[in-house]
Amino acid sequence: MSLHGKKALVTGSTSGIGLSVATALAEQGCDVMINGFGEAGAIKTLMQDLSSKNRVKVHYSPADLSTVAGVASLMSEAQAKLGGVDILVNNAGIQHTSPIEDFPPERWDAIIAINLSAVFHAVRLAVSGMKQSGWGRIINIASTHGLVASPFKSAYVAAKHGVLGLTKVTALELATSGVTCNAICPGWVRTPLVERQIEARAKERGLPLEQAAVELLAEKQPSQRFTQPSDIAALTVFLCTEAAANMTGTALPVDGAWTAQ
């Protein structure tokens, strides 16, 4: 099935995995709304490139997903500018690492708000239109940390486990509607979020940056290579096709055998 003319909203899509996903959907003929932070000129150039290369409509929303009002604003903009949302990719996320006893409560609240609550509110506001049209794809970018845990990431792990639970509930409620809901669980992907963790490790241990990256991989990811944003984008596109029409409620690891251990 062609995705030409479908309307896609990808959160956290001005860089990293989200940008790769938005690009792949545009290449499949989807009109796209991107969302996230960045320098205005760079975002304008990005939009122009996506639109001209793929002959699709591209819009941008700077909506802050840390609040209910911000998510509602994003969904309203998507309705106004795209004419609705056929494909919703919940990708936006933040991270903070700290022992539980020292974890700042405000960082917990921020991570839960963006990594979990924003997913719920976007799904909540998208479902009605998808059900009315009899077709929809909801893809939640979770993490291996939705399946297993690591020390010092209490908020992130809790949020990503919550995303997988929400994915299952959504799939069950929409099972006969033509709308599917799945989660993708990347392992280490060298995004800006992970790059900051590599830099912190390098500084803490007095290591060259690339050695710190190798050590990070060695601890978790048996393939010894980073998952690419394009890997996540390709799987997202597949989940939008007719071949995946009966895949729903799944958590799909792309983690170099991390969770096989």
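Residue numbers restart at each chain and count upward from 1, following the sequence in its written direction. Reporting of local features is limited, given that this is a predicted model, to residues whose pLDDT is at least 70; pairs of side-chain atoms are given and counted only at 80 or more, and all residues count toward the totals for whole chains, interfaces and linings. Hydrogens and water are ignored here; the side-chain numbers use all heavy atoms of the structure.

Moving on to the overall build of the chain. To qualify as a helix, a DSSP run of H or I must reach at least 4 residues; to qualify as a strand, a run of E must reach at least 2; elements of each kind are numbered from the N terminus. The secondary structure content of the chain amounts to 8 helices and 7 strands. For the C-alpha atoms alone, the extent of the chain along its principal axes is close to 55 × 40 × 35 Å. We call a residue buried when its accessible area falls under 20% of the maximum for its residue type, exposed when it is over 50%, and partly exposed in between, using a 1.4 Å probe and counting protein chains only. Relative to its 261 residues, the chain shows a buried fraction of 52%. The contact criterion used throughout is that any non-hydrogen atoms of two residues lie within 4.5 Å. Counted over contacts in the chain with a minimum sequence separation of 6, partners at least 24 positions apart contribute 69%. For every accessible area listed, the method is Shrake-Rupley and the probe measures 1.4 Å; residues are considered covered only by the protein chains on display. Accessible surface for the chain amounts to roughly 11,700 Å². Of this, 56% is attributable to carbon and sulfur atoms. Positive charges come from Lys and Arg, negative ones from Asp and Glu, while His and the chain ends are left out of the count. Note on charges: their place is set at NZ of Lys, CZ of Arg, CG of Asp or CD of Glu. Across the chain, the 21 positively charged side chains and the 21 negatively charged ones have centroids separated by 6 Å.

Position of T227 relative to the elements: it lies in the loop between α7 (209-220) and α8 (229-239). Pairing of N or O atoms within 3.5 Å defines a polar contact, subject to two protein rules: one partner must be a possible hydrogen donor and the other a possible acceptor, and residues neighboring in sequence count only if both atoms are side-chain atoms. Within the structure, the side chain of T227 is placed 3.0 Å from the backbone oxygen of V254, a separation counted as a polar contact. The residues touching T227, leaving out its near neighbours within four places in the chain, are W188, V189, R190, Q221, I232, V254 and D255.

Before going further, it helps to spend a moment on the state of the cysteines. By definition, disulfides here are pairs of cysteine sulfur atoms that lie within 2.5 Å. Taken as a whole, this structure holds 0 disulfides when the rule is applied. We note that C181 lacks a disulfide partner, and the nearest cysteine sulfur, in C185, lies 12 Å from it. Of the residues examined, C181 reaches a relative accessible area of 0% and is grouped as buried.

Right, let's talk about empty space enclosed by the protein for a bit. A 1.4 Å probe that fits but cannot get out identifies a cavity on a 1 Å grid over protein atoms alone, an open set with protein on both sides within 12 Å along at least five of seven lines counts as a pocket, and a residue lines either if it has an atom within 4 Å of a point. Grid points are joined across faces, edges and corners, and a volume is the space filled by probe spheres set on the points. Counted by the stated rule, this structure contains 1 cavity of 30 Å³ or more. Surrounding the largest cavity, T11, L65, N90, N91, A92, I114, A118 and V119 form its lining. At 3 residues, helix α4 (residues 105-133) tops the list of elements feeding residues into the lining of the largest cavity. Within the lining of the largest cavity, the residues separate by chemical class into 5 nonpolar, 3 polar and no charged. Only Asp, Glu, Lys and Arg are considered charged in this grouping, and only Ala, Val, Leu, Ile, Met, Phe, Trp, Tyr, Cys and Pro are considered nonpolar; every other residue, Gly among them, is considered polar.

Attention now goes to α8. When α8 is considered as a whole, its buried residues turn out to be P229, I232, A233, L235, T236, V237 and L239. As for α8, its buried residues are in contact with α1 (16-27), β4 (87-90), β5 (136-141), β6 (179-186) and β7 (251-254).

Counted as salt bridges are all cases of a side-chain nitrogen of Lys or Arg within 4 Å of a carboxyl oxygen of Asp or Glu. Enumeration according to the criterion identifies 8 salt bridges in this entry. The salt bridge partner of R190 is E210, with a shortest N-O separation of 2.9 Å. Here the residue R190 occupies a position in the loop between β6 and α6 (192-205), and E210 occupies one in helix α7, the gap between them amounting to 20 residues. Here E219 and R205 are joined by a salt bridge, their closest N and O atoms 3.9 Å apart. Residue E219 is located in helix α7, and its partner R205 is located in helix α6; the two are separated by 14 residues in the primary sequence. Here the salt bridges share partners, and the residues they tie into one network are R201, R205, E215 and E219.

With that settled, consider the sheet that holds β6. With respect to topology, 7 strands assemble into an open sheet ordered β3-β2-β1-β4-β5-β6-β7, the strand pairing being parallel. Taken across any chain shown, the strands that pair with only one partner, and hence form the sheet edges, are β3 (58-61) and β7. This sheet shows a mean twist of 15° between the axes of neighbouring strands, independent of strand direction. Pairing between strands is defined by DSSP: at least two bridges between the two strands are required. Sheet topology note: the strand β2 (residues 31-35)/β3 ladder contains 4 bridges and is parallel. Residue pairing across strands places M33 opposite H59, the latter belonging to β3. An axis is simply a line fitted to the C-alpha atoms; with a helix, the fit covers only the stretch in contact. Between two such axes, the angle follows the N-to-C directions and lies from 0 to 180 degrees. Against the sheet, helix α2 (residues 40-54) makes contact with β2 and β3, and its axis sits at roughly 155° relative to β3, the strand it touches most. Where helix α5 (residues 154-173) meets the sheet, its contacts fall on β5, β6 and β7, and the angle it forms with β6 comes to roughly 160°.

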